[in-house]
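So the chains spell out like this:
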Amino acid sequence: MSTLLEKHIVELLKERNEKAISLLYENYSDTLYGVAYKVVRNEELAQDVLQESFIKIWKKSDSYDASKAKLFTWLFRITRNTAIDKLRSVNTKSDKEIQMDVSDVYNLGVEGIRPEFMDVQENLEKIESKYQIVLEALFFQGMTQQEASDELDIPLGTIKSRLKIGLRELRKIYGPTMILALLLNLM
Amino acid sequence: MKDKIKDFLDSDLLEKYLLDDTTSAEAFQVERYIAMYPEVRETYEELQENLEVYAKLHALAPPEGLKETILKRIKSQRHNSGRKRFIKYAIAASFTAFLFAGASYFFWNQNQSLQEENVMVNNKIKSLEEDMREQLMDVRNQFIVLNNPQTKRITVKGNKKAKELKAVTYVNPVKKLSYINVSKLPNLPKDQCYQMWAEVNGEMVNLGIIKEAGSQEKLLALPYSKNAMGYITIEPVGGNSTPTVQNIVANIPY
């Protein structure tokens, strides 16, 4: 299920029309920058990551397969992988350890939050932090479930179930609001 | 079946696939499940929606000007890649041209030498053919001469200078063919040789050097003419262009 805008962007990408990048930036840069920042935790690095990601998106545009993934999923994968690579190249092996801190979850600057997500942001706090930590570790820190299990000292089975519950909770709480917000945003 | 799907959903393969953390074999398996089972497909769609929602929760405005930087980089890259592609094609094209030129030269060269060889072989065949025809003709003539009842057989002996010399001529006036068989020649010093001549219509014709008193069967053709005369002379090694009259060792009337 994709929106008209997504279809339009995908078409432009296939045509190698630079307007696609412009539209992608307008509609996804906030989210992708957020993803990059979550992974590298440094504004400068996050900006580099965002730049490199967009270049990759442009270069790989003909490899996007709408039947295999939503546009956002594809964008997310590229950005996350770029960010993880960046982090690995920056970190020396000794301090490769990734700091896991619950407060990071709320670390966003207020002006960085888009107004249409404000109420959602407030609600985010309602997800139990134990689920959030798992979601964060997996989605943003680039850990495998096994690594998250080791890092957070939580059994692998628990990681798996928390991931599932966390995602489900997320949907339960934000699903309708979010979809509305997304629709408004994409109109 | 249900268990299989449940097991699959309980594993973290789908989540890993969502984040692009699968190996290619795993990705293949996941894609198969998604295509085959609506339940898996639904879960995957749901996960994708969740991911988008979750990511959007953390949206952060990038600094101003970044968009322009990115667009500029993409434009220059496009330009560059165009140029790079051109250079790539140019290199490929010149390499191909070079290869083609090399191959052409090689084949041209080969063609040339083959042609030369062809001419040589053709010439060889032609001369062999001629030789063969000549020999065949010779043998036929010999046969005719030897078997014809009208053939005259004349025995020739050497004069004082070469008493041992012995030769037999066969002359057939009907067929106008003459042959000679030199069967015995006295030995000569090393710097001398026997040479045969024929006087045909008043002209002296060099018939060549007689190397050895050949075997009995060896016949030498003589140019035919009515009342011709043959001579054998002793000449310096290598032969002479005109006969040395005082050295005539045999007169061969035929």
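As a starting point, this report considers the structure included with it. Everything numeric in this text was worked out from a predicted model, so none of it was measured.

Some words on the pairing of strand S5 (residues 203–210) of chain B
Sheet topology note: the strand S4 (residues 192–200) of chain B/S5 of chain B ladder contains 7 bridges and is antiparallel. The residue bridging Glu199 of chain B from the neighbouring strand is Met204 of chain B, located in S5 of chain B.

Notes on the packing of helix H2 (residues 19–40) of chain A against helix H5 (residues 66–147) of chain B
For any two helices packed against each other, one specifies the crossing angle of their axes together with the interaxial distance. Where H2 of chain A contacts H5 of chain B, the axes come no closer than 11 Å and their chain directions differ by 150°. What the angle tells us is that H2 of chain A and H5 of chain B run roughly antiparallel. Of the two elements, H2 of chain A crosses H5 of chain B, and the hand of that crossing is right-handed. The segment H2 of chain A lies against H5 of chain B, with Ile21, Ser22, Tyr25 and Ser29 of chain A engaging Lys67, Ile70, Leu71 and Ile74 of chain B. Residues of the contact of H2 of chain A with H5 of chain B, tallied by class, amount to 5 nonpolar, 2 polar and 1 charged.

Overview of the sheet that holds strand S6 (residues 220–222) of chain B
Residue and element names in this part refer to chain B. The sheet built from 4 strands is open, its strands ordered S1-S2-S3-S6 with antiparallel pairing. The open sheet has two edge strands, strand S1 (152–157) and S6, and neither has a second partner. Neighbouring strand axes in the sheet, compared pairwise and without regard to direction, differ in orientation by 25° on average. Note: strand S3 (residues 177–184) against S6, 3 bridges, orientation antiparallel. Its bridge partner lying in S6, Ile180 is registered against Leu220. Strands strand S2 (166–172), S3 and S6 of the sheet are contacted by H5, whose axis makes an angle of about 90° with S3.

The rules behind these values
Residues numbered from 1 in each chain as written. Chains lettered and ligands numbered in written order. Predicted model: local features only at pLDDT ≥ 70, side-chain atom pairs only at ≥ 80, totals over all residues. Pairing = 2+ DSSP bridges. Helix = DSSP H or I, 4+ residues; strand = E, 2+ residues; numbered from the N terminus. Axes fitted to C-alpha atoms, helices over the stretch in contact; angles between N-to-C directions. Parallel < 35°, antiparallel > 145°, perpendicular 65-115°, else oblique. Left-handed = near helix turned anticlockwise from the far one by under 90°. Contact = placed C-beta atoms within 7 Å. Nonpolar A, V, L, I, M, F, W, Y, C, P; charged D, E, K, R; others polar.

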